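# Structural overview for review
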Amino acid sequence: MIKFMARTVTLALIIIMFGIFTQVTSAQDDSAFFEDYLLENGDSIEADFVDGVNAHLYAFLASRGDVVTISMTQLDPESNLLDPYLILLNAQGSVVAVDDDGGDLFLSAQIKDARIPANDVYYVIALDSYGRRFAADTYIDNLDNPMSYELSLRGANEPDDYELPDFAMMEYGDQLSLEVTQDTATAFALFEGEDGDSVTITTADAGDNIDTILYLFNPAGSRVAVNDDGEGYYSQIDSYQLEEDGIYFILATVWGYEQSVDTPPWQNGGRFILSLDN
């Protein structure tokens, strides 16, 4: 459960149901698909990882030249099993910054003074360190105890205008041909689902034999499914039953994607096929 302690700003994101779009807009238009997990500068929220969830997705707007700091600190550290981990992505899928143990409190995470390269929508994945590849029930015995944390954002200024990201809106039965590289180590897709839908999301070989990972986030920004190596090196979220109506967010990537921000050449990328079925 995510509890916002500051007001949310309504943003614009026009979703075209058949294809990919790019459009310049301002922050005065209709609501964005990510409105429920949108942060603005100065926000400080408390959230819980519950019901097997161990990753949350957030979004914020920032302007070129902004220097942002994002902090994730576990609450009740004496009893909390959480090891915070932060990943900052831009709307093109580039890893802008990551942090594991850079916060003030032991094990807490902080992305400090990250310089924003362009007016854009940015995405933060706040998760448990082990959750980069695994669901909570694979390594935590007692899921009844919530892993609570505080997340804060500083230094982000809403731009006057920005270019909407090129996200594909998928429908059941669709396939996408995707490629991840060191510059764009993650790929995004959206689909509109209804409560009770059973969905299967699969990656498949496109000739490069890469090790993929799939994340599925619900309309509130909770990661409700994750898979690494479901079909050999490829991934499958199999027959997941949706629990609410809305726009779902798929992140498709490869093993070690968070390391793509490092200076040495990163060679985990390649092409693959993403499928959505029900």
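Look a little higher up for the structure.
Taken as a whole, this structure holds 3 salt bridges when the rule is applied. One salt bridge in this structure joins Glu258 and Arg132, with 3.3 Å as the shortest N-O distance. With Glu258 in the loop between β19 (246-254) and β20 (270-277) and Arg132 in the loop between β9 (120-128) and β10 (147-154), this pair connects stretches of sequence that are 126 residues apart. According to the relative accessible area criterion, Arg132 is partly exposed, its value standing at 23%. In this structure, Asp208 and Arg271 form a salt bridge, with 3.1 Å as the shortest nitrogen-oxygen distance. With Asp208 in the loop between β15 (198-205) and β16 (212-217) and Arg271 in strand β20, this pair connects stretches of sequence that are 63 residues apart. You can call Arg271 partly exposed: its relative accessible area is 39%.

Before going further, it helps to examine the sheet that holds β19. Pairing is mixed across the open sheet formed by 5 strands, whose spatial order is β12-β14-β19-β16-β17. Looking along the sheet, the strands with just one partner apiece sit at the ends: β12 (168-170) and β17 (223-228). Taken pair by pair, the neighbouring strands of this sheet meet at an average axis angle of 25°, ignoring direction. In this structure, β16 lies alongside β19, joined through 6 bridges in antiparallel fashion. If you follow Phe217 over to β19, its bridge partner there is Phe249.

With that settled, consider unusual backbone geometry. Where the residue is not glycine, phi is negative for most of them; where a peptide bond is considered, it is trans in most cases. Of note, the phi angle at Asp51 is positive, near 55°, even though the residue is not glycine. A positive phi angle, close to 50°, is found at Asp76, a residue other than glycine. Within the secondary structure layout, Asp76 lies in the loop between β5 (67-74) and β6 (84-90).

Procedures and definitions
- Per chain, residue numbering runs from 1 following the sequence as it is written.
- Given that the model is predicted, a residue must reach a pLDDT of at least 70 before its local features are reported, and side-chain atom pairs must reach 80 or more before they are shown or counted; all residues, however, enter totals for whole chains, interfaces and linings.
- Water and hydrogen atoms were dropped before computing side-chain values, which therefore reflect all heavy atoms in the structure.
- Only one rule defines a salt bridge in this text: a Lys or Arg side-chain nitrogen within 4 Å of an Asp or Glu carboxyl oxygen.
- Each helix is a run of DSSP H or I of at least 4 residues and each strand a run of E of at least 2, with the numbering of both proceeding from the N terminus.
- Throughout, exposure labels follow a simple rule: accessible area from a 1.4 Å probe, protein chains only, divided by the maximum for the residue type, with under 20% read as buried, over 50% as exposed, and the rest as partly exposed.
- Strand pairing follows a simple DSSP-based rule, namely that at least 2 bridges must link the two strands.
- Angles here are taken between N-to-C directions and fall from 0 to 180 degrees, while the axes themselves are lines fitted to C-alpha atoms, restricted in helices to the stretch in contact.

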